[in-house]
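As a plain string of letters, each chain reads:
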Amino acid sequence: MPEFTSALFATHERPFGQEHSLIAHALLLEGSRPYWEVHIGGKIFRFIPHPDFILEDGLWQLNNYCQIPESEYKHDVSENAPLTLEEEFGEDICSKYRNSIVKELSGTGIHYKLITWPGFWVNKWDAKIKKWQDEAVKITSHS
């Protein structure tokens, strides 16, 4: 049975104070092939990230689901077996989003929080997160 080793939370800062409201979250499940589950509006959407872009793909999809109105995804079939993003969107679109992840995340006003537990995939993310923070992405990381 897969175990989750990372969680991403997408929040909006409330108008007064440092409190945040949860919009959605994603869990990275590791088994024979790692996959993300995005939890939003009572739905669960699964996908398989590219092994070289696990964090980027998780943030890209979490951000996308946070940007679309609930009416657009509430009738989608959820809890299907996960597909790779390349199968779902094609290599060109995947490459475009992975290369523009900072631009995609920094202009949203959404705060992201990554929590990791020991796992194979999470070892090299600290440098990426620091770089993205320096480029105005609102993201924090805790292990």
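The structure we're discussing is the one just above.
Residues numbered from 1 in each chain as written. Predicted model: local features only at pLDDT ≥ 70, side-chain atom pairs only at ≥ 80, totals over all residues. Heavy atoms only, no water.

A few words on the overall build of the protein. Secondary structure summary: the protein contains six helices and seven strands in total. Going from N to C terminus, the protein has its helices and strands arranged as β-β-β-β-α-α-β-α-α-α-β-α-β. For the protein, the C-alpha radius of gyration of 15 Å lies close to 15 Å, the compact-globule estimate for 143 residues. Principal-axis analysis of the C-alpha atoms gives the protein an extent of 40 × 35 × 30 Å. (Helix = DSSP H or I, 4+ residues; strand = E, 2+ residues; numbered from the N terminus. Rg over C-alpha atoms; globule rule 2.2 N^0.38 Å.)

Packing of helix α1 (residues 54–67) against helix α6 (residues 125–134) leaves a shortest axis separation of 10 Å and a crossing angle of 50°. In terms of their interaxial angle, α1 and α6 are classed as oblique. Note on element contacts: α6 touches α1 through Trp125, Lys128, Ile129 and Trp132, opposite Ile54, Leu55, Glu56 and Leu59. Partitioned by chemical class, the residues of the contact of α1 with α6 number six nonpolar, no polar and two charged. (Axes fitted to C-alpha atoms, helices over the stretch in contact; angles between N-to-C directions. Parallel < 35°, antiparallel > 145°, perpendicular 65-115°, else oblique. Contact = heavy atoms within 4.5 Å. Nonpolar A, V, L, I, M, F, W, Y, C, P; charged D, E, K, R; others polar.)

This brings us to the nonpolar core. Core analysis: the biggest nonpolar cluster contains 32 residues, and Leu8, Trp36, Leu55, Leu59, Leu62, Tyr112 and Trp125 have the highest contact counts within it. When near neighbours in sequence (up to four residues on either side) are disregarded, tryptophan 36 contacts Ser6, Leu8, Ala26, Leu27, Leu28, Phe45, Arg46, Phe47, Pro49, Ile54, Gly58 and Trp125. Counting residues in each nonpolar core, the second largest holds five residues, with Leu27, Leu29, Tyr35 and Ile48 among its members. (Core = buried A, V, L, I, M, F, W, Y, C linked by side-chain atoms within 4.5 Å. Buried < 20%, exposed > 50% of the residue type's maximum accessible area, 1.4 Å probe, protein only.)

Moving on: the side chain of glutamate 30. Following the sequence through the fold, glutamate 30 ends up in strand β2 (residues 20–30). There is a polar contact of 2.6 Å between the side chain of glutamate 30 and the side chain of threonine 5. (Polar contact = N/O pair within 3.5 Å; in protein donor to acceptor, adjacent residues only side chain to side chain.)

What follows deals with the environment of lysine 103. One can find lysine 103 in helix α5 (residues 101–106). Each C-alpha atom of the pair lysine 103 and glycine 42 lies 28 Å from the other, and the pair is 61 residues apart in sequence.

This paragraph deals with the pattern of salt bridges. Applying the stated criterion to the full structure yields six salt bridges. Note that arginine 98 and aspartate 57 form a salt bridge whose closest N and O atoms lie 2.7 Å from each other. Separated by 41 residues along the polypeptide, arginine 98 in helix α4 (residues 91–99) and aspartate 57 in helix α1 bring together distant segments of the chain. Residue glutamate 86 is joined to arginine 98 by a salt bridge in which the shortest nitrogen-to-oxygen separation is 2.9 Å. (Salt bridge = Lys/Arg side-chain N within 4 Å of Asp/Glu carboxyl O.)

As a further point, take the packing of aromatic side chains. Scanning the model with the defined rule gives three aromatic pairs in all. When the ring of tryptophan 60 is compared with that of tyrosine 97, the centres are 4.9 Å apart and the planes differ by 15°; the resulting orientation is stacked. Taken together, the residues tryptophan 60 in helix α1 and tyrosine 97 in helix α4 connect sequence positions 37 residues apart. For the pair tryptophan 60 and tyrosine 97, one class covers both residues: buried. In this arrangement the basic side chain of lysine 96 is found over the ring face of tyrosine 97, its NZ or CZ atom lying 4.7 Å from the centre. (Phe/Tyr/Trp six-rings, centres within 6.5 Å; stacked < 30°, edge-to-face > 60°. Lys NZ or Arg CZ within 6 Å of the ring centre and 35° of its normal.)

This paragraph deals with the environment of tyrosine 73. Looking at where tyrosine 73 falls in the secondary structure, it is placed in helix α2 (residues 70–73). Tyrosine 73 gets classed as buried once you look at its relative accessible area, which sits at 4%. Tyrosine 73 sits 32 residues away from glycine 41 along the chain, and the two C-alpha atoms are 8.6 Å apart. Apart from residues lying up to four places away in sequence, tyrosine 73 is in contact with Ile40, Gly41, Lys43, Phe45, Tyr65 and Ile68.

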